[in-house]
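Examination of the molecular architecture
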Amino acid sequence: MIKHITEKEALDFVSKQEHKDEWHKDFYYWKRHLLALKNWPWLKKFYKGGKWLGHFDEELNGIYWYNLIEDEMYDGFLISSKVGVGMKLGRWLEKNIKYKTNWSCCDKRYVRFNERLGFEIKSIDNIDKREVFLLCRKKY
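So, here is what we can say about the structure in this document. (Residues numbered from 1 in each chain as written. Predicted model: local features only at pLDDT ≥ 70, side-chain atom pairs only at ≥ 80, totals over all residues. Heavy atoms only, no water.)

**Structural notes on the nonpolar core**
If you look at soluble globular proteins, the nonpolar side chains tend to sit buried side by side. Counting 26 residues, the largest nonpolar core has Leu43, Trp52, Ile63, Trp65, Tyr74, Phe77 and Cys105 as the members making the most contacts within it. If you list the elements that add at least two residues to this core, you get α1 (7–15), α3 (27–31), β2 (51–56), β3 (60–69), β4 (72–80), β5 (101–106) and β7 (130–138). If we skip the residues at most four places from it in the chain, tyrosine 74 touches Trp30, His33, Leu34, Leu43, Phe46, Trp65, Tyr66, Asn67, Asn102, Trp103, Ser104 and Cys105. Core analysis: the next-biggest nonpolar cluster, separate from the first, contains nine residues, Tyr64, Met73, Ile97 and Tyr99 among them. (Core = buried A, V, L, I, M, F, W, Y, C linked by side-chain atoms within 4.5 Å. Buried < 20%, exposed > 50% of the residue type's maximum accessible area, 1.4 Å probe, protein only. Helix = DSSP H or I, 4+ residues; strand = E, 2+ residues; numbered from the N terminus. Contact = heavy atoms within 4.5 Å.)

Here it is, written out as structure tokens:
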């Protein structure tokens with residue numbers, strides 16, 4: 001089951017996961033990339049606000065953040081503790097949220113996953129010596 005959850009529920013889930021880097025441990029650390037990526041200034045509008053999705057079997061096992069501004073959406077901070085949950089959350093978002101353009105960013109190791117969700121690479125930038133890929137998918 002997938003449903004909207006509170007930020008507190010999402011961040012409590014994240015705090016119980018084992019992550020190797022700061023980007024996946026701390027939502028607010030991750031979120032600052034929306035302000036810091038100088039080559040993509042239009043992402044700044046997604047910084048304030050946003051909603052959380054949660055995936056449940058018997059308990060919460062995945063979360064996903066997104067923000068819809070007019071007909072554009074930005075999504076990211078997908079964290080799951082079970083294989084396949086990320087794809088389910090990504091597909092739910094695509095089917096159930098109305099948008100024309102969906103932006104996202106990821107590092108190289110998550111590009112193939114995002115391509116399976118219909119994203120294409122639009123640009124590459126760097127933040128904190130980390131290569132970041134700007135992704136886009138459109139609905140017509």
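**Some details on the state of the cysteines**
This structure, assessed with the given rule, holds zero disulfides. There is no disulfide at cysteine 105, and the cysteine sulfur nearest it, in cysteine 106, is 7.7 Å away. (Disulfide = S-S within 2.5 Å.)

**Describing α1**
Residues three or four positions apart in an α-helix share a direction because the helix packs 3.6 residues into each turn. What α1 keeps buried is the set Ala10, Phe13 and Val14. End-on view of α1: buried residues confined to an arc of 100°, all on one side of the axis. Turned more than 90 degrees away from the buried face of α1 sit Lys8 and Ser15, all of them exposed. At its buried positions, α1 is contacted by β1 (2–5), α2 (22–25), β2, β3 and β4. (Arc of directions from axis to C-beta.)

**Let's talk about the environment of aspartate 128**
As for its placement among the helices and strands, aspartate 128 is situated in the loop between β6 (120–127) and β7. Its relative accessible area of 46% is what places aspartate 128 among the partly exposed residues. Sequence separation between aspartate 128 and alanine 10 is 118 residues; the distance between their C-alpha atoms is 25 Å. Each residue touching aspartate 128, except ones within four places of it in the same chain, is listed here: Tyr29 and Arg32.

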